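These are the residues of each chain, in order.
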Amino acid sequence: MNRTDWFPVLLSFRVAALSVVVIVALGLPLARILARRSFPGQDLLEALLTMPLVLPPTVVGFGLLLLVGKTGPVGRLLGMAGISLVFTWWAAVLAAVVVAFPLMYQSAKAAFKSVDVNLENAARTLGVGEVRIFWAVTMPLAWPGLLTGVVLSFARALGEFGATLMVAGNIPGRTQTAPLAIYYAVYAGDNGTATRLVLILTVISFLVIFLVNRWARRRNFL
Amino acid sequence: MLEVKIQKKLPFFTLDVELRLGNEILGLWGASGAGKTTLLQCLAGLQKPTGGFIRLAGRTLYSHAEGINVPPRRRQVGYVFQDYALFPHLTVKNNVLFALNGNKPGPNGPDPTALLDALGVGHLVDRYPGQISGGEKQRVALARALAVQPRLLLLDEPFSALDTATKAKAFEGLKILHEEWGIPFVLVSHDEEDVTALGDVIVTLEKGRIRSTTVRRQPGEDHPAGS
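Residues numbered from 1 in each chain as written. Chains lettered and ligands numbered in written order. Predicted model: local features only at pLDDT ≥ 70, side-chain atom pairs only at ≥ 80, totals over all residues.

Engineer: If you had to explain the confidence of the model for chain A to someone new, which residues and values would you point to?
Structural biologist: For chain A, the average pLDDT comes to 91, and 96% of its residues sit at 70 or higher. Element-level pLDDT for chain A is lowest in helix α10 (residues 191-219) of chain A, with a mean of 87, against a maximum mean of 96 in helix α5 (residues 89-113) of chain A. (pLDDT = per-residue confidence, 0-100. Helix = DSSP H or I, 4+ residues; strand = E, 2+ residues; numbered from the N terminus.)

Engineer: Let's hear about helix α2 (residues 42-54) of chain A: which residues, and what values?
Structural biologist: Residue and element names in this part refer to chain A. An ideal rise of 1.5 Å per residue puts 18 Å on 13 residues; α2 measures up with 19 Å between its terminal C-alpha atoms. At leucine 48, α2 shows its maximal kink, close to 30 degrees; a proline, proline 52, follows between one and four residues later. Buried residues are scarce in α2, accounting for 1 of its 13 residues. (Expected span 1.5 Å × (residues − 1). Bend = angle between axes of the 7 residues up to and from the residue. Buried ≥ 20, exposed ≤ 12 C-beta atoms within 10 Å, placed from the backbone.)

Engineer: An account of the interface of chain B and chain A is needed here, citing residue identities and associated values.
Structural biologist: Across the contact, 19 residues belong to chain B and 18 residues belong to chain A. Looking at the side of chain B that touches chain A, the elements with two or more residues in it are β7 (77-80) and α2 (92-101) of chain B. With 3 residues, the single largest contributor to the side of chain B that touches chain A is β7(B). Partitioned by chemical class, the residues of the side of chain B that touches chain A number 12 nonpolar, 5 polar and 2 charged. (Contact = placed C-beta atoms within 7 Å. Nonpolar A, V, L, I, M, F, W, Y, C, P; charged D, E, K, R; others polar.)

Engineer: With reference to specific residues and values, describe the environment of A:Leu197.
Structural biologist: Residues and elements named next belong to chain A. Topologically, leucine 197 is positioned in helix α10. Taking C-alpha positions, leucine 197 is 8.1 Å from tryptophan 6, a pair spaced 191 residues apart along the chain. Setting aside its immediate chain neighbours within four residues, leucine 197 contacts Asp5, Pro8, Val9, Ala178, Ala181, Ile182 and Ala185.

Engineer: Give me the lowdown on unusual backbone geometry, citing residues and values where you can.
Structural biologist: Here A:Phe87, not a glycine, exhibits a phi torsion of approximately 65 degrees, which is positive. C-beta crowding within 10 Å serves as the criterion here: with 16 such atoms nearby, A:Phe87 is assigned to the partly exposed category. Although it is not a glycine, B:Gln76 sits at a positive phi angle of roughly 55 degrees. Structurally, the position occupied by B:Gln76 is in the loop between β6 (68-69) and β7. B:Gln76 sits in the buried class, given 20 other C-beta atoms within 10 Å.

Encoded structure:
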């Protein structure tokens, strides 16, 4: 095992971890709001938020490229600020966030909806404020679903290939994540490298799922 | 003293109710969908009426004209929910204590565990709601609702999950509790028997309107024999 073997693995986990942080920060409040309220245009917003789940990743990647590329509307704004996003590992984070977001959003919305509204109402009549209700009633009851969302979006971000390739490229030592490295190793006939990467990814992924599940089961009441 | 005159527009009809209640038990009876739970939620502040006022013990809780709508956590209105809405992830004791953590009890406030003892469920403090019977849940829900020292107690279908024998005991328990607390109770049921067994005043609700009011006992009078 040398440095070039580890780089794609570390990059993949770094991208996936950072993506999950962003996804949770955006998805949790949004899911919470949309789970309990209705407003005009809600169906439209829901469809837009879920689109990246059903579209092929290359379509998402092409769309992102049009948006954040040097001539795209967002890309030009970033360019004026002296930032070039495309073909950096930040672009890989962006791709992973967009593609994995719907998994967190959908799980979190279902989790919040599964909390009986009367439990929150009961807490209100007991003189408790909304912040404490959220942390002491809603979150503990919704957390198995929230955890599912975190695990699913992390897994999706870790395995991201198509959209990442389009916006971050495949630059070894800079933007080459593990799925890309595996593909290009096989493509170049380097089955040894591919096998090592596959083993590392499989073992670590297994451990993550195994430990999260075990922790979840222990924390469960009854 | 509870004074209510509210309107609330609902999808299929308008809830339009006028009530005056001393420290008696009001039995509110009506078919499902008559607006009973909506009325309770308006009293508790969980839903906002579209007009009128709610006054409890001299305090305005809601007034359309004055633009007042006190949030539920400041109303001191106890609410026993249908199916009790006990927090499934908290023990019986913590369910009752939950009320007090957000709202510090006065030095003479009731000890919540004493409330559980008085209701005959003091031995269940360390159990979770999933581990106790329907009758026990009902009493825990009562203890929790009373822990905030309410000035009004609302009970939404409190007997629907109980079998006949448990129900008879629960009737007696509720009457004793009402005498001890001396506050108005509003009891909602789709079952006429529950309402006639307990109500000092019985109001029948139909499509959001009061169809009939029967006074069975004036304030200060004893319960009529056989009730």
